[in-house]
Amino acid sequence: MGSLGAILKHPDDFYPLLKLKMASRNAEKQIPPEPHWRFCYSMLHKVSRSFALVIQQLGPQLRDAVCIFYLVLRALDTVEDDTSIPTDVKVPILIAFHQHIYNCEWHFSCGSKDYKVLMDQFHHVSNAFLELGKSYQEAIENITKRMGAGMAKFICKEVETVDDYDEYCHYVAGLVGLGLSRLFHASGSEDLAPDVLSNSMGLFLQKTNIIRDYLEDINEIPKSRMFWPHQIWSKYVNKLEDFKREENSVKAVQCLNDMVTNALIHVDDCLKYMSALRDLAIFRFCAIPQIMAIGTLAMCYNNIEVFRGVVKMRRGLTAKVIDRTKTMADVYGAFFDFSCMLKSKIDRSDPNAEKTLSRVEAIQKSCRESGLLNKRKSYIIRSEPRYNSALIVLLFIILAIVFASLCGNRPSN
């Protein structure tokens, strides 16, 4: 639930963490009884616990469609990511994947751990897909076809230019944004969002992941697959793996800051997309990952640890974002706070400092002009803990005892 040390340092994380733990347990109990749906929702919890939590808020039909959409694309991504599959085998699978989802006997063994289980038992996903409404099926098939073709293209092509980078991110994430917008519209809950805004929602998340996952991707076995564009990183080193070397730390951070600055281009579109949403559950479903992305970028910016290990938001802050994101005021507030954090880390000697500062200040201007900053709680940036540590420990123990007691006294089914 989060380390005791982190809770003592950030005591106001405790209640959101407790609520997140309870919500996680409740979500696991709501898994449908039918074997194929049970597999799909159980798998969703295994491959993305945070996504599984947020999706539970959606209405039943839309929730099922989004669950299957996610698993289909996760399976497609598993094929793309498995570097042990020969290209002449992988490419035809990617291109034909939109047809395989209609075949309840199709499966392909690849990936590892939970992803291998997903691929080995993909017939459960196909069975569930065939029970969705026709409009949902058509949206999922269309996006899967386009994404598979795009992935196949980049199996045989390197990400050389920034335009290549945007195109790759469109295929693997922008299309997810377009697909979700079509599912929201098919449910009758939302108007169909402009493609350019839907695309930016996906690109912002994907670019954040590509930046954060540098070390994991460069160390991929049997061979690495990297998507940092040559046009950016070649300004700093001769080989992308050179950023791992201690002597290249300065250049590594400069390139990292360049990449973060590029990702910030999409923020304005993301804010426009979210501000147009009407349904609260859909709004939270979309807004929470976007806030996590701007928070992750703020933490990655000017941070050499991206090349040494894992940089991510602490679990308590994640719980707080999930708990408190309910309105656009919360979104503007979070984007404003995290942009302030990022701004405070800008080194004037950085080659891209002026460009970064300009984009951060544009984000802050949009947040101010919304007129909503005074209507939200500023929970992202906090100075010193406001509570006595001993009292927090005591409260932690008492609540843990109460929680254990409630679980122990719950009647068994």
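Remember, it's a predicted structure, so these values are computed and weren't measured experimentally.

How each quantity is defined
- Residues numbered from 1 in each chain as written.
- Predicted model: local features only at pLDDT ≥ 70, side-chain atom pairs only at ≥ 80, totals over all residues.
- Heavy atoms only, no water.
- Helix = DSSP H or I, 4+ residues; strand = E, 2+ residues; numbered from the N terminus.
- Contact = heavy atoms within 4.5 Å.
- Areas by Shrake-Rupley, 256 points an atom, 1.4 Å probe, with all protein chains shown as cover.
- Phe/Tyr/Trp six-rings, centres within 6.5 Å; stacked < 30°, edge-to-face > 60°.
- Buried < 20%, exposed > 50% of the residue type's maximum accessible area, 1.4 Å probe, protein only.
- UniProt positions renumbered as here; feature names shortened; annotations may be inferred.
- Axes fitted to C-alpha atoms, helices over the stretch in contact; angles between N-to-C directions.
- Parallel < 35°, antiparallel > 145°, perpendicular 65-115°, else oblique.
- Nonpolar A, V, L, I, M, F, W, Y, C, P; charged D, E, K, R; others polar.
- Disulfide = S-S within 2.5 Å.
- Core = buried A, V, L, I, M, F, W, Y, C linked by side-chain atoms within 4.5 Å.
- Salt bridge = Lys/Arg side-chain N within 4 Å of Asp/Glu carboxyl O.
- pLDDT = per-residue confidence, 0-100.
- Left-handed = near helix turned anticlockwise from the far one by under 90°.
- Lys, Arg positive; Asp, Glu negative; His and termini not counted.
- Polar contact = N/O pair within 3.5 Å; in protein donor to acceptor, adjacent residues only side chain to side chain.

### Here we look at the overall build of the protein chain
Phase 1 of the analysis: Counting secondary structure elements, the protein chain contains 20 helices and 0 strands.
Phase 2 of the analysis: In the protein chain, the proportion of contacts linking residues at least 24 apart, taken out of those at least 6 apart, comes to 73%.
Phase 3 of the analysis: Total accessible area computed for the protein chain in this model is approximately 19,000 Å², and 53% of it derives from carbon and sulfur atoms.

### Here we look at the packing of aromatic side chains
Phase 1 of the analysis: The tally for this structure, following the rule as stated, stands at 18 aromatic pairs.
Phase 2 of the analysis: The interplanar angle of 70° and the centroid separation of 5.6 Å between the aromatic rings of F97 and F122 together place this pair among those described as edge-to-face. Taken together, the positions of F97 in helix 6 (residues 87–100) and F122 in the loop between helix 7 (113–120) and helix 8 (123–129) put the pair 25 residues apart, joining distant regions of the chain.
Phase 3 of the analysis: Among the residues examined, F122 registers a relative accessible area of 0% and is labelled buried.
Phase 4 of the analysis: Following the ring pairs from residue to residue traces out a cluster consisting of F51, Y70, F184 and F285.

### Quick look at unusual backbone geometry
Phase 1 of the analysis: Residues other than glycine seldom take positive phi values, yet K113 does so here, at roughly 55°.
Phase 2 of the analysis: Taking relative accessible area as the criterion, K113 reaches 74% and is therefore assigned exposed.
Phase 3 of the analysis: One non-glycine residue, N302, lies in positive phi territory at about 60°.
Phase 4 of the analysis: Among the structural elements, N302 can be located in the loop between helix 16 (280–300) and helix 17 (315–324).

### Regarding the UniProt feature "transmembrane region" (unreviewed entry) in the protein chain
Phase 1 of the analysis: Under the present numbering, the feature "transmembrane region" (unreviewed entry) in UniProt falls on residues 281–304 and 387–406.
Phase 2 of the analysis: Its end C-alpha atoms 37 Å apart, residues 281–304 is made of 83% helix and 0% strand.

### Side note on the environment of L53
Phase 1 of the analysis: Its place among the elements puts L53 in helix 4 (residues 49–55).
Phase 2 of the analysis: Taking the C-alpha atoms as reference points, L53 and R25, separated by 28 residues in sequence, lie 9.6 Å from one another.

### Some points on the packing of helix 11 (residues 195–212) against helix 14 (residues 249–263)
Phase 1 of the analysis: Across the interface, helix 11 lies against helix 14 with an axial gap of 9 Å and an inter-helix angle of 170°. By the angle between their directions, the pair helix 11 and helix 14 is classed as roughly antiparallel. Contacts between helix 11 and helix 14 involve F204, K207, I210 and I211 from the former and L256, M259, V260, N262 and A263 from the latter.
Phase 2 of the analysis: Of the residues contributing to the contact of helix 11 with helix 14, the split by class is 7 nonpolar, 1 polar and 1 charged.

### What to know about the state of the cysteines
A covalent bond between the sulfur atoms of two cysteines is what we call a disulfide.
Phase 1 of the analysis: The full count for this structure, using the stated rule, is 0 disulfides.
Phase 2 of the analysis: Looking at the unpaired C67, the closest cysteine sulfur is the one in C40, lying at 5.4 Å.

### Concerning the nonpolar core
Phase 1 of the analysis: Formed by 135 residues in total, the largest nonpolar core has its most connected members in F97, W228, F243 and M274.
Phase 2 of the analysis: Counting residues per element, this core draws most heavily on helix 16, which supplies 14 residues.
Phase 3 of the analysis: Leaving out residues up to four positions away in the same chain, F97 has contacts with V72, A75, L76, V79, W106, M119, F122 and T144.

### Concerning the pattern of salt bridges
Phase 1 of the analysis: Per the counting criterion, the structure on display carries 16 salt bridges.
Phase 2 of the analysis: A salt bridge links K157 to D164; its shortest N-O distance comes to 3.3 Å.
Phase 3 of the analysis: Since its relative accessible area comes to 29%, K157 is described here as partly exposed.
Phase 4 of the analysis: Between R245 and D242 there is a salt bridge, and its shortest N-O distance comes to 3.7 Å.
Phase 5 of the analysis: The exposure class of R245 is partly exposed, given its relative accessible area of 48%.
Phase 6 of the analysis: Connected via shared salt-bridge partners are K153, K157, D164 and E167.

### Re the confidence of the model for the protein chain
Phase 1 of the analysis: Mean pLDDT over the protein chain stands at 90; residues scoring 70 or higher make up 88%.
Phase 2 of the analysis: Segment residues 382–387: pLDDT under 50, and 8 contacts once partners within four positions in sequence are set aside and those in other chains are kept.

### Quick notes on the packing of helix 3 (residues 35–47) against helix 5 (residues 60–81)
Phase 1 of the analysis: In contact at an axis separation of 10 Å, helix 3 and helix 5 are set at 65° when each is read in the N-to-C sense. Between helix 3 and helix 5 the crossing geometry is left-handed. Contacts between helix 3 and helix 5 involve W37, C40, Y41, M43, L44 and V47 on the former and, on the latter, R63, D64, C67, I68, Y70 and L71.
Phase 2 of the analysis: For the contact of helix 3 with helix 5, the residue count by class is 10 nonpolar, no polar and 2 charged.

### Overview of the side chain of D350
Phase 1 of the analysis: Structurally, D350 is set in the loop between helix 18 (328–344) and helix 19 (353–369).
Phase 2 of the analysis: Notably, D350 is buried but unbridged: the nearest opposite-charge side chain belongs to K235, and the N-O separation is 9.2 Å.
Phase 3 of the analysis: Engagement of the side chain of D350 in a polar contact is seen with the side chain of N257, the distance being 2.9 Å.
Phase 4 of the analysis: Sequence-distant contacts of D350, defined by excluding residues within four places in its chain, comprise Q254 and N257.

### Overview of the environment of G133
Phase 1 of the analysis: Checked against the element boundaries, G133 lands in the loop between helix 8 and helix 9 (134–155).
Phase 2 of the analysis: Among the residues examined, G133 registers a relative accessible area of 35% and is labelled partly exposed.
Phase 3 of the analysis: Linking G133 and A65, residues 68 residues apart in sequence, is a C-alpha distance of 8.4 Å.

### Considering the side chain of T83
Phase 1 of the analysis: Topologically, T83 is positioned in the loop between helix 5 and helix 6.
Phase 2 of the analysis: For T83, a relative accessible area of 9% puts it in the buried group.
Phase 3 of the analysis: Sequence-distant contacts of T83, that is, excluding residues within four places in its chain, are made with K90, E220, I221, P222, K223 and R225.

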